[in-house]
Amino acid sequence: MQWKIRNVVIPNQVVVAPMAGVTNTAFRMICRECNAGLVVCEMISDRGIMYKNKKTLSMLKVDAKEHPMSIQIFGGTKETLIEAAKYVDQNTEADIIDINMGCPVNKVVKTDAGARWLLDPDKVYEMVSAVTASVDKPVTVKMRTGWDEDHLYAVENAQAAEQGGASAVAMHGRTRAQFYEGKANWNILKKVKENINIPFMGNGDVRTLDDAYKMIHEVGADAVMIGRAAEGNPWILNRIAHYLETGEKLPEQTPVEKIKLAKEHLQRLVDLKGEHVGVREFRGQSTYYLKGIPHAARTKVALTSAETQQEMLDIFDQFTEKLQKRDLI
């Protein structure tokens, strides 16, 4: 079922969450080909954009085939965030600008950015209204339920974002204090959805098709945002989209199909960043593709120390042969 973020049509209810070091153009393209309705880039520093940092600007590249897509920015001051948003608005092909108000890591929070804003709904309103007044593209906000269990301003923060002009809100069902531990609180997500009038994307602990169904039909989210569950398994995006649309559960990929997709991901990373960087970045992703496949332990270790693209391809091919001999394909 298609929906809209202001004037941007999203073809289905599956959104890929921004993940640092993961949702670059290479991975986003694969996710779009696996039927993601919307993809969001990894968060980008407002100061990196302001100072025209070469690496930062390279992260703003958008492939013509990945639309609709969103570029996420973060920053600690209103002035720098506005300047970054203006740059994204005027100099990139992004369809949407997303503001990060959920990143829990210390180096972001210490700059008065990310999840730090969850302590003050007035600050949320101030930042969002300043950005929306400065750009033409739709603005969305990604946040968490709160700072900790004693500071759960989920509804107030989401309402502040809406009042500030946000076109949609995405919320992870954990507090900043939880990081990625414990359980996501979907009851709070439900309350947020019930108290705002803009589209709501629910995030956190969506690992299966049934989880996605519950996020849509029990929480009431307009879309489900998938993060870690898509690492090494982007095919789950198509399975979720298909299930939400038809009620039919498509089969999981076979080991051979997973390995083929892994090799495609590797190739795209190498094309994007060169072999030296691409191979090293793919080390962390490679093992996700082998998750759940029997007898993969040694192969995972080999991949994480591989130095070249060909070495990785050879490791994948040798593992495939081993699976074939054991009739595990």
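Above: the structure in question.
Nothing here was measured: the structure is a model prediction, and the numbers come from that model.

### A short note on the layout of surface pockets
Turning to step 1, where the next piece is worked out: The computed volume of the second largest pocket comes to approximately 260 Å³.
Turning to step 2, where the next piece is worked out: When residues of the lining of the second largest pocket are traced back to their parent elements, those giving at least two are helix 8 (186–194) and helix 9 (209–219).
Turning to step 3, where the next piece is worked out: In terms of residue count, helix 9 provides more of the lining of the second largest pocket than any other element does, four residues in total.
Turning to step 4, where the next piece is worked out: In terms of residue class, the lining of the second largest pocket is made up of three nonpolar, two polar and seven charged.

### Comments concerning empty space enclosed by the protein
Turning to step 1, where the next piece is worked out: Scanning the model with the defined rule gives two cavities of 30 Å³ or more in all.
Turning to step 2, where the next piece is worked out: Computed from the structure, the largest cavity encloses a volume of approximately 40 Å³.
Turning to step 3, where the next piece is worked out: Along the walls of the largest cavity sit Ile5, Leu38, Val40, Ser70, Ile96, Asp98, Thr140, Ala170, Met201 and Met225, which together make up its complete lining.
Turning to step 4, where the next piece is worked out: Secondary-structure elements contributing two or more residues to the lining of the largest cavity are strand 4 (38–40) and strand 7 (96–101).
Turning to step 5, where the next piece is worked out: Tallied by class, the residues present in the lining of the largest cavity amount to seven nonpolar, two polar and one charged.
Turning to step 6, where the next piece is worked out: In terms of lining, the second largest cavity is formed by Gly21, Val22, Asn24, His265, Leu269, Glu281 and Gln285.
Turning to step 7, where the next piece is worked out: Only helix 11 (255–273) and helix 12 (275–289) provide two or more residues apiece to the lining of the second largest cavity.
Turning to step 8, where the next piece is worked out: Residue composition of the lining of the second largest cavity, by class: two nonpolar, four polar and one charged.

### Focus on the nonpolar core
In a soluble, globular protein the nonpolar side chains are often hidden away together inside.
Turning to step 1, where the next piece is worked out: Counting residues in each nonpolar core, the largest one holds 67 residues, and the members touching the most others are Ile71 and Val224.
Turning to step 2, where the next piece is worked out: Those residues within four positions of isoleucine 71 in sequence are excluded, and the remaining contacts are Cys41, Ile44, Leu60, Val62, Val88, Thr92, Ala94, Ile96, Ile97 and Asp98.
Turning to step 3, where the next piece is worked out: Membership of the second largest hydrophobic core comes to 23 residues, among which are Phe282, Leu290, Leu313 and Ile315.

### Let's talk about the packing of aromatic side chains
Turning to step 1, where the next piece is worked out: On inspection of all chains with the given rule, the structure shows three aromatic pairs.
Turning to step 2, where the next piece is worked out: Here tyrosine 213 and tyrosine 243 contribute two aromatic rings whose centre-to-centre distance is 6.0 Å and whose plane-to-plane angle is 50°, an arrangement assigned as tilted. With tyrosine 213 in helix 9 and tyrosine 243 in helix 10 (residues 235–246), this residue pair connects regions lying 30 residues apart in the sequence.
Turning to step 3, where the next piece is worked out: Using a relative accessible area of 13% as the deciding quantity, one classes tyrosine 243 as buried.
Turning to step 4, where the next piece is worked out: Counting every residue linked through ring pairs, the aromatic cluster contains Phe282, Tyr289 and Phe316.
Turning to step 5, where the next piece is worked out: Lying across the ring of tyrosine 180, arginine 144 places its NZ or CZ 4.9 Å from the centre.
Turning to step 6, where the next piece is worked out: A cation over a ring is seen here: lysine 249 above tyrosine 243, with NZ or CZ 5.4 Å from the ring centre.

Cut-offs and rules
- Residues numbered from 1 in each chain as written.
- Predicted model: local features only at pLDDT ≥ 70, side-chain atom pairs only at ≥ 80, totals over all residues.
- Heavy atoms only, no water.
- 1 Å grid on protein atoms, 1.4 Å probe; cavity = no way out; pocket = protein on both sides within 12 Å on 5 of 7 lines; lining within 4 Å.
- Points joined across faces, edges and corners; volume = space filled by probe spheres on them.
- Helix = DSSP H or I, 4+ residues; strand = E, 2+ residues; numbered from the N terminus.
- Nonpolar A, V, L, I, M, F, W, Y, C, P; charged D, E, K, R; others polar.
- Core = buried A, V, L, I, M, F, W, Y, C linked by side-chain atoms within 4.5 Å.
- Buried < 20%, exposed > 50% of the residue type's maximum accessible area, 1.4 Å probe, protein only.
- Contact = heavy atoms within 4.5 Å.
- Phe/Tyr/Trp six-rings, centres within 6.5 Å; stacked < 30°, edge-to-face > 60°.
- Lys NZ or Arg CZ within 6 Å of the ring centre and 35° of its normal.

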